[in-house]
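Summary of structural features
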Amino acid sequence: MMESRHKIRLGTLQKLYDIGKKISLIDENKRATTIRAAQAEKVVEKVLLHCGSIVKLLSIDKENYAELDIALVASAARNIIDSANIYFYVSERGISEEEVNLRYNMQILNYYKNIENIFGKLNFSLTSSRMRLIDAENIRNEIKNSKIYMNADKDERSLMLSGKQFINKPDMKILDYNIESGIYNLLSNSTHSFYIGLSNNSLSKSGIFASYIDFIMLAIIAVETAIIYTANIINDYILLRKKLGNKMSENERVIVKSLMKPDHIYDYLEHQKDFFDSELINILPSASHD
């Protein structure tokens, strides 16, 4: 059986969601007026909606989760990591206004190229009014006129105009790199219909799809991932938009800061090292909540 301290901290995630909602678009707060903040506020909304979805999914049946595919929760947690990468990219301080605009234009170009590809495959008109919402040629010209583009080498210029990747993406440093990579891969693979996604997606066990990484472990890691990355985003966002931050109490700020620390997930992963050495008959922990 799992030690009592290793629970699915659904109540903690709910509390974090309630705090974050107060400073987000979900509560219809005043919209941002700068490109950096406007991008950040939409990412914050997306992250909180993921958190809210995780809470709702895991609140359906706290007794046994017999009819829940935990892969939906894993997918939301993985998307929170992706969103954190975007958040700290668009909200990075200490870069020039020119680079802020360049990063924004690259996102618009990425959007345009994806929509163009989707419309083409679905046989939608590429000259429709929706396609004309964005002047892609003007966006490319703005990028080309940037000093950052002009000072870049051939490969970097090609990358900027590709609409595919980041430039100068900052390291989040929320978790150890290998730990983050391992968790991201676990969450990603759990959404697939390959072996790992069939061995941990439900409480039902199969002799040919046995795994140490079971439903409960996946649920705990997904919720812990959602908590720590969301807390880091909220803490940064209230520094970016200080007036919105005033809507949070001092106690709520303390809660957010405490949830930024990786201690809980590191402790759980350390515990699992011993757990994995157990006999197979003992590898099925029970679900419990905070």
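Use the structure listed above.
Read on for an overview of the structure.

Here is what the cut-offs are and how they apply
Residues numbered from 1 in each chain as written. Predicted model: local features only at pLDDT ≥ 70, side-chain atom pairs only at ≥ 80, totals over all residues. Heavy atoms only, no water. Helix = DSSP H or I, 4+ residues; strand = E, 2+ residues; numbered from the N terminus. Buried < 20%, exposed > 50% of the residue type's maximum accessible area, 1.4 Å probe, protein only. Contact = heavy atoms within 4.5 Å. Areas by Shrake-Rupley, 256 points an atom, 1.4 Å probe, with all protein chains shown as cover. Salt bridge = Lys/Arg side-chain N within 4 Å of Asp/Glu carboxyl O. Axes fitted to C-alpha atoms, helices over the stretch in contact; angles between N-to-C directions. Parallel < 35°, antiparallel > 145°, perpendicular 65-115°, else oblique. Left-handed = near helix turned anticlockwise from the far one by under 90°. Nonpolar A, V, L, I, M, F, W, Y, C, P; charged D, E, K, R; others polar. Phe/Tyr/Trp six-rings, centres within 6.5 Å; stacked < 30°, edge-to-face > 60°. Core = buried A, V, L, I, M, F, W, Y, C linked by side-chain atoms within 4.5 Å.

All right, on to the overall build of the protein chain then. Tallying secondary structure elements over the protein chain gives 13 helices and zero strands in all. Seen in sequence order, the protein chain has helices and strands lined up from the N terminus as α-α-α-α-α-α-α-α-α-α-α-α-α. Per-residue burial over the protein chain gives 47% buried out of 290 residues. Sequence-distant contacts, at least 24 apart, represent 74% of the contacts inside the protein chain between residues at least 6 apart. By element, 51% of the accessible surface of the protein chain is carried by carbon and sulfur atoms, the whole surface being about 15,700 Å².

One non-glycine residue, asparagine 123, lies in the positive phi region at around 60°. Relative to the assigned elements, asparagine 123 resides in the loop between α4 (97-121) and α5 (136-144). The backbone phi angle of lysine 173 is positive, close to 55°, even though this residue is not glycine. The residue lysine 173 is located in the loop between α7 (154-162) and α8 (177-189) in this model.

On to the pattern of salt bridges, then. Under the definition given, this model contains nine salt bridges. Between glutamate 41 and arginine 31 there is a salt bridge, with the nearest N and O atoms lying 2.9 Å from each other. You can see glutamate 41 sitting in helix α2 (residues 35-58) and its partner arginine 31 sitting in the loop between α1 (10-21) and α2, a full 10 residues away along the chain. You can call glutamate 41 buried: its relative accessible area is 3%. One salt bridge connects arginine 140 with glutamate 137, and the closest N-O pair in it is separated by 3.5 Å. Taken as a pair, arginine 140 and glutamate 137 lie in helix α5 at a separation of three residues, close to a single helical turn. According to the relative accessible area criterion, glutamate 137 is partly exposed, its value standing at 43%.

Another point: the environment of serine 83. By secondary structure assignment, the location of serine 83 is in helix α3 (residues 71-90). Residues serine 83 and valine 44, 39 residues apart in the sequence, show an inter-C-alpha distance of 8.3 Å. Once residues lying within four places of it in the same chain are set aside, the contact partners of serine 83 are Val43, Lys46, Val47 and His50.

As a further point, take the packing of α3 against α8. Angle between the axes and distance between the axes are the two parameters that describe a pair of packed helices. Across the interface, α3 lies against α8 with an axial gap of 8 Å and an inter-helix angle of 140°. With respect to α8, the element α3 is oriented oblique. Where α3 crosses over α8, the two elements pack in a sense that is left-handed. Taking contact as the criterion, the partners of Ala74, Ala77, Arg78, Ile81 and Asp82 in α3 are, on α8, Ile183, Tyr184, Leu187 and Ser188. When grouped by side-chain class, the residues that make up the contact of α3 with α8 number six nonpolar, one polar and two charged.

Attention now goes to the packing of aromatic side chains. Scanning all chains against the criterion turns up two aromatic pairs. Between the aromatic rings of tyrosine 87 and phenylalanine 88, the centroid separation amounts to 5.0 Å while the plane-to-plane angle is 90°, which identifies the pairing as edge-to-face. Here tyrosine 87 matches phenylalanine 88 in class, with each residue buried. Ring geometry for phenylalanine 119 against phenylalanine 124: centres 5.4 Å apart, planes inclined by 80°, an arrangement best described as edge-to-face. Under the relative-accessibility criterion, phenylalanine 119 is labelled buried at 13%.

Judged by nonpolar contacts, the single largest core of 59 residues is most densely connected at Leu13, Ile54, Leu58, Tyr87, Leu187 and Tyr229. For this core, the elements supplying multiple residues, two or more each, are α1, α2, α3, α8, α10 (215-240), α12 (250-259) and α13 (263-275). The residues touching leucine 187, leaving out its near neighbours within four places in the chain, are Ala74, Ala77, Arg78, Ile81, Leu218, Ala222 and Thr225. Within the second largest apolar cluster, 13 residues are counted, among which are Met106, Tyr112, Tyr149 and Leu161.

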